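Here is what each chain is made of, one letter per residue.
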Amino acid sequence: MLRHSLLVAFRNFKRFTNSFFINLVGLSTGLACAVFIFLWVDDELRMDNFHEKGDRLYQAMEHQQYADRIMTTISTPGVLAEALKDEIPEVEYAATATWVNAATLSIDDHNVKAEGFHVGADFFNIFSYGLVQGNADQVLLDKMSIVISEDLAIRLFETKENVIGRQVEYQHEKVFQVTGVFKGTPKQSSYQFDFVLPFEEYKDDNDWVLSWGNNGPKTFLTLREGSNLNQVNEKIADFIKKKEEQSNVTLFFLPYAQRYLHGRYENGKPSGGRIEYVRLFGAIAIFILIIACINFMNLSTAQASRRAKEVGIKKSIGAGQGELVIQYLSESILIALLSLVLALLIVWISLPQFNFITEKQITLDLTDPRLVFSLLGITLVTGILAGSYPALYLAGFRPVKVLKGEVRGSIGELWARRGLVIFQFTLSIVLIIAVLVIFKQIEFVQNKNLGYDKDNVVYFEIEGRVEDNLATFLAEMERIPGVVSASSIGHNLVGRQNNTSGLNWEGKNPDDRILFEHVRVNYGLIETLGIEMIEGRSFSENFGADSTKIILNEAAIKIMGYEEDPIGRIVRLWDEVDMEIIGVAKDFHFQSLHDKVNPLFFRLSPSQSWNIMARIENGQEKATLDRLKDFYEDYNSGFTFEYAFLNEDFQQLYAAEQRVSVLSRYFAGIAIIISCLGLFGLAAFTAERRLKEIGIRKALGSSAWSIVYLMSSDFTRMVLVSILIALPVGYYLVDIWLQRFAFRIDLETWFFVLSGLVALVIAWLTVGSQAIKAANVNPAQCLRNE
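Residues numbered from 1 in each chain as written. Predicted model: local features only at pLDDT ≥ 70, side-chain atom pairs only at ≥ 80, totals over all residues. Heavy atoms only, no water.

Undergrad: Could you clarify how one ought to interpret the overall build of the protein chain in this entry?
TA: Looking only at helices and strands, one finds 26 helices and 26 strands in the protein chain. Counting across all 786 residues of the protein chain, residues that qualify as buried make up 53%. Counting contacts in the protein chain only where the partners sit at least 6 residues apart, residues at least 24 apart contribute 78% of the total. (Helix = DSSP H or I, 4+ residues; strand = E, 2+ residues; numbered from the N terminus. Buried < 20%, exposed > 50% of the residue type's maximum accessible area, 1.4 Å probe, protein only. Contact = heavy atoms within 4.5 Å.)

Undergrad: Help me out: how do you make sense of unusual backbone geometry in this one?
TA: Excluding glycine, most residues fall at negative phi; most peptide bonds, likewise, are trans. Even without being glycine, N162 reaches a positive phi, approximately 55 degrees. Exposure remark for N162: the relative accessible area of 69% places this residue in the exposed category. Not every positive phi belongs to a glycine, and W574 is a case in point at roughly 55 degrees. By the element assignment, W574 lies in the loop between strand 22 (570-573) and strand 23 (577-585). By relative accessible area, which is 33% here, W574 ends up partly exposed.

Undergrad: Explain the packing of helix 17 (residues 470-477) against helix 20 (residues 621-635) to me, please; I cannot follow it from the model alone.
TA: Each packed pair of helices is defined by two parameters, the angle between the axes and the distance between the axes. At a closest axis distance of 11 Å, the pairing of helix 17 and helix 20 adopts a crossing angle of 150 degrees. Here helix 20 runs roughly antiparallel to helix 17, going by the angle between their axes. Relative to helix 20, the crossing made by helix 17 is right-handed. Across the interface between the two elements, T472, F473, E476 and M477 of helix 17 pack against L628, F631, Y632 and Y635 of helix 20. Residues belonging to the contact of helix 17 with helix 20 are distributed by class as follows: six nonpolar, one polar and one charged. (Axes fitted to C-alpha atoms, helices over the stretch in contact; angles between N-to-C directions. Parallel < 35°, antiparallel > 145°, perpendicular 65-115°, else oblique. Left-handed = near helix turned anticlockwise from the far one by under 90°. Nonpolar A, V, L, I, M, F, W, Y, C, P; charged D, E, K, R; others polar.)

Undergrad: Teacher, can you tell me more about the packing of aromatic side chains here?
TA: Working definition: an aromatic ring pair is given by the centre-to-centre distance plus the angle between the planes. Per the stated rule, a full pass over the model turns up 44 aromatic pairs. The interplanar angle of 75 degrees and the centroid separation of 5.3 Å between the aromatic rings of W40 and F281 together place this pair among those described as edge-to-face. Here the residue W40 occupies a position in helix 2 (residues 17-46), and F281 occupies one in helix 10 (residues 275-302), the gap between them amounting to 241 residues. With relative accessibility at 8%, the residue W40 sits in the buried group. It is R465 that lies over the ring of Y635; its NZ or CZ is 4.0 Å from the centre. Taking the ring centre of F543 as reference, the NZ or CZ of R537 above it sits at 3.7 Å. (Phe/Tyr/Trp six-rings, centres within 6.5 Å; stacked < 30°, edge-to-face > 60°. Lys NZ or Arg CZ within 6 Å of the ring centre and 35° of its normal.)

Here it is in structure tokens:
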């Protein structure tokens, strides 16, 4: 039975070559998109899910209550981990972690740049980074120990064997002893690092982390087996408030693996995160497969008359409806399987480009049973979905009527086919609208005036000799040809990094907590970045004691109620020091355009800055950077010159949106192509069926253009209906997406008009080619057999 069904299927593929080719291309392209999206979604869902104690692994987070909102943060006090482990019985292990930073590690004169951070002693008992040398309980007990990855061991020692006990110089300042080696961080880890140092060593130089009132480090922990997360969260909610009387913090634990996909909060409530894009692309994959399946359904039912006698004969010799359904379903599943083979070839060829766009390292591992069964499942569902309606439709023919040649398409069948085409083009037009709006929003973000000049600004970390001779270094640096100006800052201006609610002023409600971004700067920083002062002045060495002066932005002045005559007023910082307002800076964006401009103040504190920012001449970037590199490495011997451009870091704030923009363009284009393939097939079949009618019309004097109009008008009406449905649906969806941005484009009419016109023109070109071919046929040839 199976052999017979396969034989009949291959004969029909050969007999109806055009339909087979259109279905094969449509389904293989749709499946290729689905495979790409499946691989990407699977990779996203696997992030941070490789840890052995993953079901008990959590990150401590805070809800901070302010006057205007609740802010949720991953920053915690540096003493939290130790206190949780000591006081909360359900906590098994807990470890603090600082920020991953680049550092220079040295063996004699051999210098290696690597990334690492300081962590608590329980770190390797919590996370599964594959400790292959050393004991997880002991590797971080000595404050002068270092645990390195196998890759870093090879870079430092040219071997990963027998490195325990060897010494490594850190930043040419301190010497650490290797006490452990771990395999490295998997690509599915959201943390990527080469080494870790003990948090106890960090505390020696940073006593601020010992205060319950200071946040910064992150806290990770595992709960004991059988612990109930909800009950634990109730118990720890006021944990920090009990330690710090003035605290506004509600503490809670979030499953660590959820943080990557569900990391966004608004006013203390979960509001999505990367999971939104997982759902979006999952929906796009389903839509594209549906569009491909609709092609199959439409072409199969439209050409039913070609196989009507086959159905009649089979039924008259005893074939049941169920057998026929199985046969036609087997044909559609066979096409789907052939399409999968072609789709996998497309994926294999295109995967490097896909990885480049998504910034991932996805592989097509067909030895992975999970992947193989998932792909076969998707293909089987696609084949059944595509073939179910045609199979039931064909198997439902009555043999008597079929063998008498009385098979005619019903009105219901015609409207079903039209409905499928309308649905197909509706999805395609919605995708076109989405692509256009996303593109315009990203363009708006990239070109919006941020309130400072981010172009041609290069920055690099203060380290080594530069830290002790900052003023001299900056003065010599400004003498380098091509360097316009240079200064230093304790920030990088691409997100919240250092904030406080410790600013008080006359008239402030003592019960209100208002969060200000705190930016420590050096002389000349405001001028280097081109930040506009709308009142007062910037910091200047000409005025002496500017260390007790402060500059606020417009948002800060407004929230303080100091819109009139702010200059000269006194504010108090941390109830310790009075600061005089000497200037008001025009609002500028130090976060992404997802967020409004928040209150900010500048304070002169060169010794607490950690980045040097320099503006270089436009058009002289390469030559200037080469001179900077030579100067830096000569001045700061033993350290390599590693820099970044401020505008490139700004672009990284929208990396997710940019990837969505690029991928949606590809997928929208593919959806349109698949839709047009189906339309092309229907137009060709319609022209074939109406060939004699066209011949008669031409013989009676109809012009070629009237034939083209006749052939195109029905399809045009279907596309117009699709446009009418797609426009409000598209508007609703893109409006929801734009709500993520505090600063966004207006949804202009032309976005939707252009999207509809693009779909209509593409449909006309697709159908028109067949219509023109039919209109130019020789009537004598058409009517020869009459």
